[in-house]
Amino acid sequence: QVQLVERGGGLVQAGGALTLSCAASGPPFSVYALAWFRQVPGKEREFVAAIDYTGSRTDYADIVKGRFTASRNSANNTMFLQMNNLKSEDTAVYLCAAEPRMGRGGSAPTDYDYWGQGTQVTVSS
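Being a predicted model, the structure only gives us computed values, none of them experimental.

A closer look at the environment of Trp 115
Moving on, step 1. Looking at the secondary structure, you find Trp 115 in strand E10 (residues 114-115).
Moving on, step 2. Not counting residues up to four positions away in its chain, the partners in contact with Trp 115 are Leu 4, Phe 37, Arg 45, Leu 95, Cys 96, Ala 97 and Pro 109.

Laid out in structure tokens, this is it:
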């Protein structure tokens, strides 16, 4: 069973930066493809970024390209999301997800088996 715990959310002004982390426990971290999604009330879960199980390939939603960077650290079983130049429309609950099949990671919520509880990011304009 994989457990994912997100940290690092908070309140930030537009143009500011935050770094989120997602700590994983359970089966070996090296077999997971990982992703960040976000969700606001009344809307569907939205893809943000994915990183493959090797850490060598990342994919991003167009709306965050050039502003967000996903990375992973296998030494401490943690994934990060560095978010720069935040905008009010980035306000959401950010969730990390994992699929333990040594894959690339996809952009659909159904591509992932395990989810964290989420961390709130609020960007004030």
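Brief notes about the state of the cysteines
Moving on, step 1. Counted by the stated rule, this structure contains one disulfide.
Moving on, step 2. Residue Cys 22 pairs covalently with Cys 96 via a disulfide, S to S 2.0 Å. Looking down the S-S bond of the Cys 22 and Cys 96 bridge, the torsion is 60°, so its handedness is right-handed. Remark: Cys 96 occurs in strand E9 (residues 92-99) and Cys 22 occurs in strand E3 (residues 18-25); sequence separation between them is 74 residues. A single burial state applies to Cys 22 and to Cys 96, both of which are buried.

Points about the packing of aromatic side chains
Moving on, step 1. Considering all chains together, one arrives at five aromatic pairs under this definition.
Moving on, step 2. Here Phe 29 and Tyr 32 contribute two aromatic rings whose centre-to-centre distance is 5.7 Å and whose plane-to-plane angle is 75°, an arrangement assigned as edge-to-face.
Moving on, step 3. Here Phe 37 and Phe 47 contribute two aromatic rings whose centre-to-centre distance is 5.7 Å and whose plane-to-plane angle is 70°, an arrangement assigned as edge-to-face. One end of the pair, Phe 37, is in strand E4 (residues 33-39); the other, Phe 47, is in strand E5 (residues 46-51), and 10 residues separate them in sequence. The residues Phe 37 and Phe 47 share a single accessibility class, namely buried.
Moving on, step 4. An aromatic cluster is present here, built from Phe 37, Phe 47, Tyr 112 and Trp 115 joined pairwise through their rings.
Moving on, step 5. Over the ring of Trp 115 we find Arg 45, and its NZ or CZ is 4.6 Å from the ring centre.
Moving on, step 6. Seen from the ring of Phe 29, Arg 72 lies directly overhead, with NZ or CZ sitting 4.5 Å from the centre.

Some words on the nonpolar core
Moving on, step 1. In terms of nonpolar packing, the biggest core is built from 35 residues, with Trp 36, Val 48, Phe 68, Leu 81, Met 83 and Tyr 94 touching the most fellow members.
Moving on, step 2. Elements with a contribution of two residues or more to this core: E3, E4, E5, strand E7 (68-73), strand E8 (78-83), E9 and strand E11 (119-124).
Moving on, step 3. Not counting chain neighbours up to four residues away, the residues in contact with Leu 81 comprise Leu 18, Thr 19, Leu 20, Trp 36, Val 48, Ala 49, Phe 68, Thr 69, Ala 70 and Tyr 94.

Definitions and cut-offs
Residues numbered from 1 in each chain as written. Predicted model: local features only at pLDDT ≥ 70, side-chain atom pairs only at ≥ 80, totals over all residues. Heavy atoms only, no water. Helix = DSSP H or I, 4+ residues; strand = E, 2+ residues; numbered from the N terminus. Contact = heavy atoms within 4.5 Å. Disulfide = S-S within 2.5 Å. Buried < 20%, exposed > 50% of the residue type's maximum accessible area, 1.4 Å probe, protein only. Phe/Tyr/Trp six-rings, centres within 6.5 Å; stacked < 30°, edge-to-face > 60°. Lys NZ or Arg CZ within 6 Å of the ring centre and 35° of its normal. Core = buried A, V, L, I, M, F, W, Y, C linked by side-chain atoms within 4.5 Å.

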